[in-house]
Structure formats: structure tokens, C-alpha cells
Amino acid sequence: MDKRVTLKIARITRETELINTYTFKHNLGARPGQFIMLTDFEGGEKPFSIADCHADEFSITVKKVGEFTTRLFEKQEGDFLSIRGPYGSSFFISNQKVLLVGGGYGTPPLYYLARTLLDVGADVTVVNGARTKEDLVFCDRFRHLGVRYQSITQDGSLGQEGTSVDLARNLLKSEHFDFVYAAGPEMMMKALMSELADYEYEFLFERYMKCAIGICGNCTVDPIGIRLCVEGPVMPKKYVVQLTEFGRYHRDATGKRIEF
Amino acid sequence: MHNRLQTKFSGVTVDSPLVLPAGVMGMSYSGMSYSAVHGAGVITSKSLTLQPRTGHKGPVMAGFEGGFLNCMGLCNPGIQDGLREVNDFKERSDTPVIVSVFATNMDDFLQLTHHVNESAGDFLELNLSCPNVFDEFGIPLAASAEEVGRIVGAVKGISKKPVIAKLSPNVYDIVSIACAAQDAGADGLCMINTVGPGMLIDTKMVKPVLHNKFGGLSGPCIKPIALKLVYQTSSAIDIPILGMGGVTYGNDAVEMWMAGAQIIGVGTAIYYRGIEVFNMINQEILAYLDEMGYETINDIPRLEPIL
């Protein structure tokens, strides 16, 4: 049965002015890459990737982007929110040398992935990019985790100017990686894909979701029709290379195709 | 090879009696393809309206022990973009498509019919019975035999496709409404739409779970209601029925056939058994044919009608 649980917010962590992490005391049992649907019952229910998950708690990281997330930013620790999930596919867990490429507020699910990869003995490198240093999240967390870590911003507010794809490109030139993971803006992943012809990889996708249980069809991707809420949101290379809509369009709440 | 599941609905041959119903996976051409490659013999589009609709705010889906409530709210990209998805699907597949349309008045239904006439769709389904837009549109048309007859008759006058009327179970006398649709020239009926509506409550936040408060009920718990209404209706009319409501296993599909359905919708079961549910039920029907010694699905007997 599709189960809903209503939980108190145990902890709110301010990441940047526009990005918060919400932690809940609950044994969610999610795997890296999976997501939950979250609502405050005031209108709107949205998917959020799991940023971290332990036996007794899990967290999600939220950027204030619209009406719904603005209401979340008004919540206090101890307030209730309601969730269902976890849903969707999860990342392949490699124990070899791997590269994780994150962009903006898409990066947090890579934290749970990195921690899980380290647990099985993988050699983990993380590159993290954002528009400005104010948009860059989880730097300290990745550093404390003990992975090899590099970050970069497009405006050079941390020194070097560029994107996480630039960092990845440089690393891929000089080193061999057994597996590459990415989560972030779709155009970032599209740019990264062209660097990865010879690599195995998985990307974390985002699409408008409604039912989240594989029935409504709002998050099917063209041309194969797999559902991002069931077969995704983590998609392996064998699917990614088939997607004609990747980096071109997505569907909005009406189902209309919207170009990126 | 001889296809033992092949049957006919209103003159159109279908390779499997299983139908993807409106509102399930039919938003995009690729969602239709994904359902067809997994064994659906007929595909229904999302119910299309003249203008795009975003539908209700979430939560739009709520599960409980016996099934689900949903209040999608007729989200759809509008008739033009919706038919583009239908046409894109038909370019890639021979699977028959039912184009479902929703409107609240005669003019809109007629305009929608003109659009569908120009599409690659095989059937036109009139959704007269969406249970999730009461606030916006009031009592559904399907509650009135007179209204159903009036709209079906007018649409039949201009439609180039066979016309299916989708009926609501949430009425006092569905048989009289079905008869009105038949008398007005409907080529088939689709029944039942979701039941209720019903509601669920979050006891910690003291809120209805669905943002729309109420939603139509689907899933295994509605099967007995669907069987009863299909049986009553099929006893009283001659046009074929697309029967649906809680069908999850092959035996449910056989029950629906025995009650009088010619083809059979499978929707919420996708949650319980995955998108593979169509192929699974196809196989389960074949196993039933073998067990009972029937050559094809068309040999499965019907219940004695109610006299």
C-alpha cells in the first residue's frame, strides 16, 4: 500500500539564503537517488530527492523557488509536514573509482550517494558547481566526508570561473574513472553527456510529477515512455542515450511540451 | 499465429481486450507506447479539453487499504497538443486509440468532435462524468439521461469516429442513462468512471489528504460495483461496453467479460503489478482459456442477462 506519514520537522539547517535542509526523525529506508513527495496540505505536493538517510532520520534539501517552497521556508522546527515514499530508482553502487558531478541545488542527493559509495570502499571524487558561491551547497559536508572534492562557480566568486562539467572534463582527460554519476540542471547533464561516450554513467533527472506511483503519466519521457517516478529518476546510460527529449523539452503540469 | 485474445469492439479489431483507460499513462505519445508494448490492446488518451488545464494542486492521489482516491482535475495540454500526442503515437503503432474529450456544454463537445475528426484516433469517447470538478462545473452531465442523450445525439451527427459515452457510477439509475446514450446513437459505452467521490483525512495536521478534499475512488475495492453496473447495463442494451473498475488480475477481466464487457480497462492495477500488468493479465486470460477448454476469448460465456 502507498503509505503516507506526517512527521515533525526535527531540524532545519540553513545552507544558503535560499536553500534549507529539513531533517525528519523517521526510518524512511530510501536508497541514494530516490525521492519523496512532500506536502503541507496548503496546496501543492512536490518531489524532493533524499539528501541523506540513516536508520533513524532522513533529510531533504530545498531551494526557495516558488509559492510552495516559500511556505516551507516559513516552517519552524517542530511543525508538521506530510510525506509519502520513497519512490523511484536508485543509483548503482560501485566499489571502484567513481566521479560524481553536481550542479546547484541538484547536488544534495549526491551526498547520500557519496556516503554510501565510501561505505563499500569506492574511491570517490566529487565536483560541485554553481552559478555563484551563494548557490554552492554541501561543500563542508563533502570535505568532512573524506572524498576528493573540488568546487567551482560560473562567476568566479571562489577563484576559478567555470562549471562542474569543466572540472569533470579536466579530470576525465588525466584519469580513468570506472563510473560517473551526475545530478543537477538538465543542460549541465546534457553537456556532460558528450564527455562520457566511453564511460558508464547514471544521471538523476527531474520532471513534473503528480501521482509519483507510475499511473498518471505526467513524467513519462520521450520516446520510450518510461516513467521518471518509477523507472527513474535515476537513469542509466542505456536509457539516457535514447531520450530524444533530453536537453530539449519537458512537460509542464498540463502535459504541454516546454522547451528548455 | 492465431491470436486467441483478439476480439472486436464496435467494428474495430483489437489484439488484446485490455484497454488503457483515460487519465492513465495517456498524457504523451511515449506513455501510450510504453503501455502498448506492455500488452494493452487499446489506448485511451488523457481526457482533452479545448484549452489546456493544469488540474488541481497536489496532493492529487491518496492511497488506502482498498485502493486510491484521485483528483487530478482534468489536467491536459488542450485538444491541439493532446491530439499531437495521439497522432505521434499512431505514427508508431497500429494499436487503436480512443480519444477522450471532456466538456460541460454542447458547443464545446461539438468543437472537440471536429478536432478529433481530423486526428488519427480510432474512437471518440465523451467523458460525461469526471467526478473531480464539481466545484468548477457542478453536477456531471452523466447524471441526466436527457443531457446524455442530447449530447451523444448531436456529437453522433458530426463525428467521423465511433462514439463511446463514458458513464458515471455515481447516479441513481445508470441503466436509463445508458439507454439514453444508446437511443441517441452511441456506438459503445465506457463504464465505470471512478466511484464516490470519497475523502481521507490527515489526523496530525487535521486536513483532508487531497487538496481538492474529495477524489474519485479506484482500485480493487470498486470491482464489485463495476461488475454489478456493467451486468445491469449490458442486460438492457445492445451496444458494446468497455468495462472497467478494479480489474487487477486475469480472473477480474474474465468476470468483467461475463458481466457483459466486450473490452476491459486496466488502470490503477498498474500501481499494484507494474506496467507489465497488461501482459500478465493477457497471460492469465490465456491460462483460463486453457483450463476451461475455450479456444478464444470470444468463447467465454456471458452471464444470463437480467430479464
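Presented here is an overview of the structure given in this document. (Residues numbered from 1 in each chain as written. Chains lettered and ligands numbered in written order. Predicted model: local features only at pLDDT ≥ 70, side-chain atom pairs only at ≥ 80, totals over all residues. Heavy atoms only, no water.)

**So, helix H5 (residues 186-193) of chain A**
Residue and element names in this part refer to chain A. Filter applied, for reference: Partly exposed residues are those whose accessible area sits between 20% and 50% of the maximum for their type, while under 20% is buried and over 50% is exposed, using a 1.4 Å probe and protein chains only. Helix numbers and strand numbers start at the N terminus; a helix is a DSSP run of H or I with at least 4 residues, a strand a run of E with at least 2. By definition, the arc is the one covered by directions from the helix axis to the C-beta atoms. Contacts are residue-level and defined by heavy atoms, with any inter-residue pair within 4.5 Å sufficient.
Considered for burial, the residues of H5 that qualify are Glu-186, Met-188, Met-189, Leu-192 and Met-193. Looking straight down H5, one finds that the buried residues subtend no more than 155° of arc, so they occupy a single side. Looking at the buried positions of H5, the neighbouring elements they touch are strand E7 (97-103), helix H4 (164-174), strand E10 (179-183), strand E11 (201-204) and helix H6 (237-240).

**Considerations on the sheet that holds strand E3 (residues 35-39) of chain A**
Residue and element names in this part refer to chain A. So the rule is basically this: The rule for pairing is simple: two strands pair if DSSP sees at least two bridges between them. To get an axis, a line is fitted to the C-alpha atoms, and for a helix only the part in contact is used. The angle between two axes follows their N-to-C directions and goes from 0 to 180 degrees.
Read once around its circumference, the closed barrel built from 6 strands follows the order E1-E2-E5-E4-E3-E6, with strand pairing classed as antiparallel. Across the sheet, the mean angle separating the axes of adjacent strands is 45° when strand polarity is ignored. Where strand E1 (residues 4-16) lies against strand E2 (residues 19-24), 6 bridges are found, and the strand directions are antiparallel. Bridged to Ile-9 within E2 is Phe-24. Contacts between helix H2 (residues 108-119) and the sheet are confined to strand E4 (45-53) and strand E5 (58-63), with E4 contributing the most and set at about 35° to the helix.

**Let's talk about the packing of aromatic side chains**
Convention followed: Only centres within 6.5 Å qualify two rings of Phe, Tyr or Trp (six-membered ring in Trp) as a pair; their planes then separate them into stacked at under 30 degrees, edge-to-face at over 60, and tilted for everything else. Whether a charge lies above a ring is judged from NZ of Lys or CZ of Arg, which has to be within 6 Å of the ring centre and within 35 degrees of the ring normal.
Applying the stated criterion across every chain, the model contains 17 aromatic pairs over all chains. Judged by centre distance (5.5 Å) and plane angle (10°), the rings of Phe-142 of chain A and Tyr-149 of chain A are stacked. Across the pair, exposure class does not vary: Phe-142 of chain A and Tyr-149 of chain A are buried alike. For the ring pair Phe-68 of chain B and Tyr-271 of chain B, a centre distance of 4.9 Å and an interplane angle of 80° mean the geometry is edge-to-face. Highlighted residues: Phe-68 of chain B in strand E6 (residues 67-70) and Tyr-271 of chain B in helix H9 (residues 269-273), separated in sequence by 203 residues. Residue classification places Phe-68 of chain B among the buried residues on the basis of a relative accessible area of 1%. On the basis of relative accessible area, Tyr-271 of chain B is assigned to the partly exposed category, the value being 23%. Put simply, the rings of Phe-91, Phe-92, Phe-179 and Tyr-181 of chain A pair up and form one aromatic cluster. Over the aromatic face of Phe-138 of chain A sits the side chain of Arg-141 of chain A, whose NZ or CZ is 4.1 Å from the ring centroid. The cationic tip of Lys-238 of chain A hangs over the ring face of Tyr-239 of chain A; the distance from NZ or CZ to the ring centre is 5.2 Å.

**Focus: the layout of surface pockets**
All names here are of chain A. Filter applied, for reference: A cavity, in this analysis, means grid points on a 1 Å lattice covering only the protein atoms where a 1.4 Å probe fits yet has no way out; a pocket is instead an open set bounded by protein on both sides within 12 Å along at least five of seven lines, and a residue lines either one if it has an atom within 4 Å of a point. Grid points are joined across faces, edges and corners, and a volume is the space filled by probe spheres set on the points. Three classes are used: nonpolar for Ala, Val, Leu, Ile, Met, Phe, Trp, Tyr, Cys and Pro, charged for Asp, Glu, Lys and Arg, and polar for all others, with Gly counted as polar. Throughout, the edges of the domains are those of an automatic or database domain assignment.
Estimated volume of the largest pocket: approximately 1,400 Å³. Around the largest pocket sit 48 residues that line it, and Tyr-105, Gly-106, Gly-184, Pro-185 and Glu-206 are the ones nearest its centre. Elements represented by at least two residues in the lining of the largest pocket include exactly E4, E5, helix H1 (67-73), H2, strand E8 (123-130), H4, H5 and strand E13 (249-251). Of all the elements, E4 adds the most residues to the lining of the largest pocket, at 6 residues. In terms of residue class, the lining of the largest pocket is built from 24 nonpolar, 13 polar and 11 charged. Counting only domains with at least three residues in the lining of the largest pocket, you end up with domain 1 (5-87) and domain 2 (97-204).

**Some thoughts on the sheet that holds E11 of chain A**
Sheets are built from strands that pair by backbone hydrogen bonding, the pairs being arranged parallel or antiparallel. All names here are of chain A. Taken together, the 6 strands give an open sheet; going across it, the order is E9-E8-E7-E10-E11-E12, and neighbouring strands pair in mixed fashion. The open sheet is flanked by strand E9 (148-153) and strand E12 (234-236), the only strands paired with a single partner. Each strand axis lies, on average, 15° off the axis of its neighbour in the sheet, ignoring direction. Taken together, the 5 bridges between E7 and E10 define a ladder with parallel strand orientation. Across the sheet, Val-101 pairs through a bridge with Ala-182, a residue of E10.

**Some words on the pattern of salt bridges**
Where side chains of opposite charge bring their charged atoms close, a pairing between them can arise. For clarity, the cut-off: Salt-bridge detection follows one rule: a side-chain nitrogen of Lys or Arg within 4 Å of a carboxyl oxygen of Asp or Glu.
Within this structure, the stated rule accounts for 33 salt bridges over all chains. Notably, a salt bridge pairs Arg-257 of chain A with Glu-85 of chain B, separated by 2.9 Å at the nearest N-O pair. Pair noted here: Arg-257 of chain A is in strand E14 (residues 257-259) and Glu-85 of chain B is in helix H2 (residues 79-92), and the two residues belong to different chains. Residue Arg-257 of chain A shares its accessibility class with Glu-85 of chain B, and that shared class is buried. Residues Asp-187 of chain B and Lys-156 of chain B are paired through a salt bridge, measuring 2.9 Å at the closest nitrogen-oxygen approach. Of this pair, Asp-187 of chain B sits in the loop between helix H6 (174-183) and strand E10 (188-191) while Lys-156 of chain B sits in helix H5 (residues 145-158); the two residues are 31 residues apart in sequence, bridging distant segments of the chain. In this structure Lys-156 of chain B comes out as partly exposed when scored by relative accessible area, which is 27%.

Spatial relationships are all this shows, so hold off on functional conclusions.
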